[in-house]
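The lines below spell out each chain.
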Amino acid sequence: MPELPEVEVTRQSFASQLAGARVLGVRLGKPLRWPLGCAPESLHGQTLGEARRRGKYLWLPLERGGLLLHLGMSGSLRYDRTHPPPGPHDHFDLWTTRGLLRLHDPRRFGAVVWSDSLEADPARKLLAPLGAEPLEPGFDGAVLHAGLRGRRVAVKQALLAGDVVVGVGNIYASEALFAAGIDPRTPAARLSRPRCERLAAAIRDTLARALAAGGSTLRDFRDAQGHNGAFQDEARVYGREGRPCGVCGTPIRRIVQGQRSTYFCPRCQKRG
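So, a few notes on the structure that sits alongside this text. (Residues numbered from 1 in each chain as written. Predicted model: local features only at pLDDT ≥ 70, side-chain atom pairs only at ≥ 80, totals over all residues. Heavy atoms only, no water.)

## Examining the pattern of salt bridges
Tallying each qualifying case throughout the model produces 14 salt bridges. Residues Glu-3 and Lys-56 are paired through a salt bridge, measuring 3.4 Å at the closest nitrogen-oxygen approach. Placement of the pair is Glu-3 in the segment before helix H1 (4-12) and Lys-56 in the loop between strand S2 (52-54) and strand S3 (57-61), with a sequence separation of 53 residues. Accessibility expressed as a relative area gives 8% for Glu-3, which makes it buried. Close ionic contact of Arg-209 with Glu-234 constitutes a salt bridge, the shortest N to O distance being 2.9 Å. Taken as a pair, Arg-209 in helix H7 (residues 193-212) and Glu-234 in the loop between H7 and strand S9 (253-257) lie far apart in primary sequence, 25 residues in all. Each of Glu-8, Arg-11, Arg-53, Arg-54 and Glu-133 takes part in one network of salt bridges that share partners. (Salt bridge = Lys/Arg side-chain N within 4 Å of Asp/Glu carboxyl O. Helix = DSSP H or I, 4+ residues; strand = E, 2+ residues; numbered from the N terminus. Buried < 20%, exposed > 50% of the residue type's maximum accessible area, 1.4 Å probe, protein only.)

## Overview of unusual backbone geometry
At the junction of Asp-121 and Pro-122, the peptide bond is cis and its omega measures out at 5° in the coordinates. With respect to the helices and strands, the residue Pro-122 is situated in the loop between strand S8 (111-115) and helix H3 (123-127). Notably, Arg-108 is not glycine yet its phi reads approximately 60°, a positive angle. Its place among the elements puts Arg-108 in the loop between strand S7 (99-104) and S8. Given a relative accessible area of 32%, Arg-108 falls into the partly exposed group.

## Topic: the sheet that holds S3
Through backbone hydrogen bonds, the strands of a sheet pair up, either in parallel or in antiparallel fashion. Spatially, the four strands line up as an open sheet ordered S2-S3-S4-S8, and their pairing is antiparallel. What marks the edges here is a single partner per strand, and that holds for S2 and S8. For this sheet, the mean angle separating the axes of adjacent strands, direction not counted, is 25°. In this structure, strand S4 (residues 66-70) lies alongside S8, joined through five bridges in antiparallel fashion. Considered in S8, the bridge of His-70 is made with Ala-111. Across the sheet, H1 lies against S2 and S3, angled at about 170° from S2, the strand it touches most. (Pairing = 2+ DSSP bridges. Axes fitted to C-alpha atoms, helices over the stretch in contact; angles between N-to-C directions. Contact = heavy atoms within 4.5 Å.)

## Here's the deal with the side chain of Gln-269
With respect to the helices and strands, the residue Gln-269 is situated in the segment after strand S10 (260-264). There is a polar contact of 2.8 Å between the side chain of Gln-269 and the backbone oxygen of Ile-182. Filtering out sequence-adjacent residues up to four positions away, Gln-269 remains in contact with Leu-177, Phe-178, Gly-181, Ile-182, Asp-183, Pro-184, Val-237 and Phe-264. (Polar contact = N/O pair within 3.5 Å; in protein donor to acceptor, adjacent residues only side chain to side chain.)

## Notes on the packing of helix H4 (residues 141-148) against H7
With their axes 8 Å apart at the nearest point, H4 and H7 run at an angle of 115° to one another. Considering the angle they form, H4 stands roughly perpendicular to H7. Here H4 runs over H7; the crossing is right-handed. Here Gly-141, Ala-142, Leu-144, His-145 and Leu-148 of H4 lie close against H7, whose contacting residues are Arg-193, Cys-196, Glu-197, Leu-199, Ala-200 and Ile-203. Across the contact of H4 with H7, the residue classes tally to seven nonpolar, two polar and two charged. (Parallel < 35°, antiparallel > 145°, perpendicular 65-115°, else oblique. Left-handed = near helix turned anticlockwise from the far one by under 90°. Nonpolar A, V, L, I, M, F, W, Y, C, P; charged D, E, K, R; others polar.)

Interpretation in functional terms is not warranted from these geometric data alone.
The structure is reproduced here in structure tokens:
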């Protein structure tokens, strides 16, 4: 599933090219997770602003309202200055004076939804449950500690929930917990303020490194220009079951938490 680094990398790969473009047409393919919510022709002639991100959502502002996009489980956006014919998994096309933005989504869990503004439904309702943005100045150990207080679930699962901090997906949660020296099975409520400070710093550093690497491509993620991510090649625990920890040499372990694979070093990461 594309997470915060992949979504932000995608945004950066087309936002400046489409800012100021005028919509020439809209094509809808097979139904996505939610209906568009407006007549496609009502978007014709409107000018696009610069795309923004909130969590794993992208907001494409228009002169009247905007489009909220989510990539779902397997979706990706493609930007092309030409108009190639759509394939069987291309379910939304936005034709503009500066090229085509296309949503490719084999599993169709993604969405493109019109909203009058970010403060109006459906955008407001979809964005309201989201936690803090980890790469913005307001996110720190105090925010994390307050959000985890009283939570009995394992800290890894609390991070994935997205209501305390957004965008820390499966790969990045495993990597951040390793960097902070915290066992992923530790009950979230047991993390002290100092450990939350270390974890918050590790989350910021991990996501920043993932952004610099273009995100992670495990199966089919590409940015809007068709480039793969490379963070998976520098992961220190994720996908390394049985291989020696780069710090202490202990074999990396894999467990399953909430039907997701978790990787950690049983020696470097403390549960207490």
